[in-house]
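A structural walkthrough
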Amino acid sequence: MTFRISRRARVLAAAVGTGVLMPLVVAAATPAAAATPAVTCTSDKAGLAAKLKKDITAALATRKGTVAVGLHDRSTNTTCTLRASSAYDSASVVKVTVLATLLWDAKKTNRYLTDREHTLAKAMITKSDNAATSTLWKQLGLTKIKNFLKAAGMTQTTPGANGYWGLTQITVTDEQKLLKLLTAKNAVLSDNSRAYIVKLMGQVVSSQRWGTPYGVPAGVTVAVKNGWLQRSSNGWRVHSVGAFKGGGHDYVMTVLTHGNSTMNYGIATIQAVAKVMHKDLAAS
């Protein structure tokens, strides 16, 4: 889809450059401007969707960069999305997928994780250890990772090539699918596997517990995994995925960003969005 749009943009640009079809180009510019992505929300709770849409939009109004948002609360059947299918370099949030693949594959062969695998998994999730991730990524191989993605219905995720797991292409849609698999009974991951992943995401070191947990109400449990990566194009990628339960709610949240000038700028953007989502759900 992105390729087709960019190709059309080049055709239009060529038309402008040659002075040909100017009326057509001008006419096409209006719908393009109108197509700026907007937050969309639905909910079974009266007034909640409109409140979330308004507050998320306001939280992002002054923020630079490109932001994608996903929220789903089972308790009120509330969903919010923004740029749900836009692809981002995963950075370290892909580590949840790596662990899920490891456990899914172990279940298929009816075995428990080894002590070595437990050690690597814990370091990968709680400390975001890159060496541990590379070891597990290599052990699994692309075939198993792709097979897990297929089983999980994560059709918009493309594993990074040549061992570059941090360049895996992810979307809000697929990250939300994964979080939902972790937080409700399903045929892909066993109950023990789900509990294990959520437990480790609940033990992330304090210096990495920023992002989606920001503003979480007291008494609500938190499971989080963040990612951050700087590249020459699109600046800093800063992402956060989280699962939250308590206070009458059971919800998962994904915020993906790139085009940030610094890592801290990206964190502030994510936390501005997370804060209003927690607040609006808690008040509902």
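Relative orientation of the contacting elements helix 4 (residues 94-108) and helix 7 (residues 172-182) amounts to 50 degrees, with a least axis distance of 11 Å. By the criterion of interaxial angle, the relationship of helix 4 to helix 7 is oblique. Seen from above, helix 4 lies across helix 7 with left-handed handedness. In this structure, helix 4 uses Val96, Thr97 and Ala100 to contact helix 7, whose residues at the interface are Glu175, Leu178 and Leu182. Its residues assigned to classes, the contact of helix 4 with helix 7 shows 4 nonpolar, 1 polar and 1 charged.

Quantified by volume, the largest pocket comes out at close to 330 Å³. Of all elements in the fold, only helix 4 and helix 8 (191-201) reach the threshold of two or more residues within the lining of the largest pocket. Broken down by class, the residue content of the lining of the largest pocket amounts to 5 nonpolar, 5 polar and 2 charged.

Let's shift gears to the side chain of threonine 269. With respect to the helices and strands, the residue threonine 269 is situated in helix 9 (residues 263-282). Contacts of threonine 269, omitting those with residues within four sequence positions, involve Leu60, Arg63, Val67 and Asn260.

Relative to the 16 Å expected for 12 residues at 1.5 Å per residue, helix 5 (residues 115-126) spans 16 Å between its end C-alpha atoms, a close match to the ideal helical length. What helix 5 keeps buried is the set Glu117, Leu120, Ala121, Ala123, Met124, Ile125 and Thr126. In the core, the buried residues of helix 5 are packed alongside helix 4, helix 6 (130-151), helix 8 and strand 6 (221-230). Serine 128 occupies a position one or two residues after helix 5 and carries a positive phi of about 60 degrees.

Here the focus is the nonpolar core. Core analysis: the largest hydrophobic core is formed by 46 residues, its most contacted members being Leu99, Phe148, Leu189, Ile197 and Met201. Counting only elements with at least two residues in this core, the list comes to helix 4, helix 5, helix 6, helix 7, helix 8, strand 7 (236-246) and strand 8 (249-260). In terms of residue count, the dominant contributor to this core is helix 4 (9 residues). If sequence neighbours within four positions are ignored, leucine 99 has contacts with Ala121, Met124, Ile125, Tyr196, Ile197 and Leu200. Core analysis: the second largest hydrophobic core is formed by 31 residues, Leu48, Leu60, Leu71 and Cys80 among them.

Calculation rules
- Residues numbered from 1 in each chain as written.
- Predicted model: local features only at pLDDT ≥ 70, side-chain atom pairs only at ≥ 80, totals over all residues.
- Heavy atoms only, no water.
- Axes fitted to C-alpha atoms, helices over the stretch in contact; angles between N-to-C directions.
- Helix = DSSP H or I, 4+ residues; strand = E, 2+ residues; numbered from the N terminus.
- Parallel < 35°, antiparallel > 145°, perpendicular 65-115°, else oblique.
- Left-handed = near helix turned anticlockwise from the far one by under 90°.
- Contact = heavy atoms within 4.5 Å.
- Nonpolar A, V, L, I, M, F, W, Y, C, P; charged D, E, K, R; others polar.
- 1 Å grid on protein atoms, 1.4 Å probe; cavity = no way out; pocket = protein on both sides within 12 Å on 5 of 7 lines; lining within 4 Å.
- Points joined across faces, edges and corners; volume = space filled by probe spheres on them.
- Expected span 1.5 Å × (residues − 1).
- Buried < 20%, exposed > 50% of the residue type's maximum accessible area, 1.4 Å probe, protein only.
- Core = buried A, V, L, I, M, F, W, Y, C linked by side-chain atoms within 4.5 Å.

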